[in-house]
Amino acid sequence: MNTVKTVRELRAAVAQARAEGKQIGFVPTMGNLHAGHTALVEKAAQRADFVVASIFVNPLQFGPNEDLDSYPRTLAADQEKLFEAGCNLLFTPDVEEMYPHGMAGQTRVSVAGVSEGLCGASRPGHFEGVATVVTKLFNLVQPDLAIFGQKDFQQLAVIRTLVHDLNMPIQIIGEPTVRADDGLALSSRNGYLNAEQRAAAPALYRSLVQMADAIRRGERDFPALIAAAQAQQLAAGFRPDYLEVRESNSLRPATKDDRQLVILVAAFIGSTRLIDNLAFDLGSPL
Ligand code: PAF
């Protein structure tokens, strides 16, 4: 696996793979990789001949009071994991390489609709930062396919929409969330949790499973389900941010008649904000 830091080196390495007739698969990340990330790289290695990953902690997608400075940077361990998962080329630009003229005047990509609400409301500017850096990375790598985790459900919807709306010839593949044995979704931010918080954290996913079970049994009073689940989250030590039931394809608020649903949650435990979701299909009405 080759690691490159500059746009020039990246373009040269990808051009060589293309000249050899290879299909390019791409996995963008912010590093501090866990089994959720390596599953994306393994999938890319199954689906493409040449796998490119990037590690870039993108300042444009962090708010002023968020964890940009403390976000864990673990390059050597990440390189090892990527190599083992089948990555061929790693791109690790610094901020100046990605934003050579600074960020203030940077052209931005804004995705209407699916960026609004949920994390878009809690983290103003976040999805514009994500859409901008992903567009830049897609233009640099020009992959045939790119793989993202379903854990960031809204992010995946934003990226699918941007690729569709901007006519990018890239297949976007969403991969299931990888969970710890107790159900907690793997996330780089789990590393911020102390032992007590880590023990309490699986309650977040449990509350989603219970909501989904109730909906499968026919319950459709979403506000009542949300209130009960948030009470459970509070009791487990969380400070709820949002909890919503949405139609899973459009991400619009769910109606009682929708069959394809996703429950999305964000909540703080201590100062750590965790997100999770549970998508499910009720099948055709009888
Ligand atoms: O999901 C992430 O790690 C980031 O949001 C991404 C897609 C790499 C863009 O910075």
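Look above for the structure.
Residues numbered from 1 in each chain as written. Predicted model: local features only at pLDDT ≥ 70, side-chain atom pairs only at ≥ 80, totals over all residues. Heavy atoms only, no water.

**Student:** Hey, could you run me through the site of the ligand in this one?
**Tutor:** Surrounding the ligand, one finds Pro28, Thr29, Met30, Gln61, Val133, Phe148 and Gln155. In the model, an oxygen atom of the ligand is placed 2.6 Å from a nitrogen or oxygen of the glutamine 61 side chain. At a separation of 2.8 Å, an oxygen atom of the ligand approaches a polar side-chain atom of glutamine 155. Relative to its unbound accessible area of 290 Å², the ligand is 89% covered by the protein chains. Here the residues of the shell around the ligand are counted per class, giving four nonpolar, three polar and no charged. (Near = heavy atom within 4 Å. Polar contact = N/O pair within 3.5 Å; in protein donor to acceptor, adjacent residues only side chain to side chain. Areas by Shrake-Rupley, 256 points an atom, 1.4 Å probe, with all protein chains shown as cover. Nonpolar A, V, L, I, M, F, W, Y, C, P; charged D, E, K, R; others polar.)

**Student:** How should the environment of proline 202 be read in this particular structure?
**Tutor:** Of note, proline 202 is situated in the loop between helix H8 (195-200) and helix H9 (203-216). On the accessibility criterion, proline 202 (4% relative accessible area) is buried. Distance in space between the C-alpha atoms of proline 202 and aspartate 69 is 27 Å, their sequence separation being 133 residues. (Helix = DSSP H or I, 4+ residues; strand = E, 2+ residues; numbered from the N terminus. Buried < 20%, exposed > 50% of the residue type's maximum accessible area, 1.4 Å probe, protein only.)

**Student:** Which parts of the structure should I look at to understand the sheet that holds strand E3 (residues 50-55)?
**Tutor:** Strands in a sheet are paired, the pairing made by backbone hydrogen bonds, and the direction either parallel or antiparallel. Read across the sheet, six strands follow the order E1-E4-E3-E2-E5-E6 without closing on themselves; strand pairing throughout is parallel. Each end of this open sheet is capped by a strand with a single partner; those strands are strand E1 (2-4) and strand E6 (171-175). Adjacent strand axes in the sheet meet at a mean angle of 25° when their direction is disregarded. Here strand E2 (residues 24-29) runs beside E3; their pairing, made up of six bridges, is parallel. Residue pairing for E3: proline 28 is matched across the bridge by serine 54. Sheet strands touched by helix H2 (residues 35-47): E2, E3, strand E5 (145-149) and E6. Its angle to E5, the strand with the most contacts, is close to 155°. On top of the sheet, helix H3 (residues 75-85) reaches E1, E3 and strand E4 (89-91); it is set at about 165° to E3, its chief contact. (Pairing = 2+ DSSP bridges. Axes fitted to C-alpha atoms, helices over the stretch in contact; angles between N-to-C directions. Contact = heavy atoms within 4.5 Å.)

**Student:** How should the pairing of strand E8 (residues 260-269) be read in this particular structure?
**Tutor:** Two faces belong to every sheet, and in a regular strand the side chains alternate between them. The element E8 is extensively covered by neighbouring structure, given that eight of its 10 residues are classed as buried. Pairing analysis gives eight bridges linking strand E7 (residues 239-247) to E8, with the strands arranged antiparallel. Residue proline 240 lies in a different strand from E8, and its bridge partner there is alanine 267. For E8 and strand E9 (residues 272-281), the ladder comprises 10 bridges, and the chain directions are antiparallel.

**Student:** How should the nonpolar core be read in this particular structure?
**Tutor:** Generally speaking, a soluble globular protein has its nonpolar side chains buried in company with each other. In this structure, Leu10, Val52, Phe138 and Ile172 are the most contacted members of the largest nonpolar core, which totals 48 residues. Listed by contribution, the elements that provide at least two residues to this core are helix H1 (7-19), E2, E3, E4, helix H6 (126-141), E5, helix H7 (153-165) and E8. Per-element tally for this core: the top contributor is H6, with nine residues. Residue contacts for valine 52: discarding those within four places in its chain leaves Leu10, Val14, Ile24, Gly25, Phe26, Val27, Leu89 and Val141. Core analysis: the second largest hydrophobic core is formed by 29 residues, Leu208, Phe222, Val265 and Ala267 among them. (Core = buried A, V, L, I, M, F, W, Y, C linked by side-chain atoms within 4.5 Å.)

**Student:** Would you mind showing me how to read the side chain of asparagine 277 here?
**Tutor:** With respect to the helices and strands, the residue asparagine 277 is situated in strand E9. At 2.9 Å, the side chain of asparagine 277 and the backbone oxygen of lysine 151 are in polar contact. Here asparagine 277 is in contact with Gln150, Lys151, Phe153, Arg179, Tyr205, Leu208, Val262, Ile263 and Leu264, once residues within four sequence places are set aside.

**Student:** Help me out: how do you make sense of the sheet that holds E7 in this one?
**Tutor:** Taken in spatial order, the three strands line up as E7-E8-E9 in an open sheet, and their pairing is antiparallel. Among the strands making up the open sheet, the edge pair consists of E7 and E9. For this sheet, the mean angle separating the axes of adjacent strands, direction not counted, is 10°.

**Student:** Looking at this model, I keep getting lost on the side chain of lysine 43. Mind explaining?
**Tutor:** With respect to the helices, strands and loops of the structure, lysine 43 is situated in helix H2. In this structure the side chain of lysine 43 is engaged in a polar contact, spanning 3.0 Å, whose partner is the side chain of glutamate 175.

**Student:** Please explain H9 as it appears in this structure.
**Tutor:** Each α-helix winds once per 3.6 residues, and so residues spaced three or four apart point in a common direction. Between its first and last C-alpha atoms H9 spans 20 Å; for 14 residues at 1.5 Å apiece the expected length is 20 Å, and the two agree. Of the surrounding secondary structure, the elements contacted by the buried residues of H9 are H8, helix H10 (222-235), E7, E8 and E9. (Expected span 1.5 Å × (residues − 1).)

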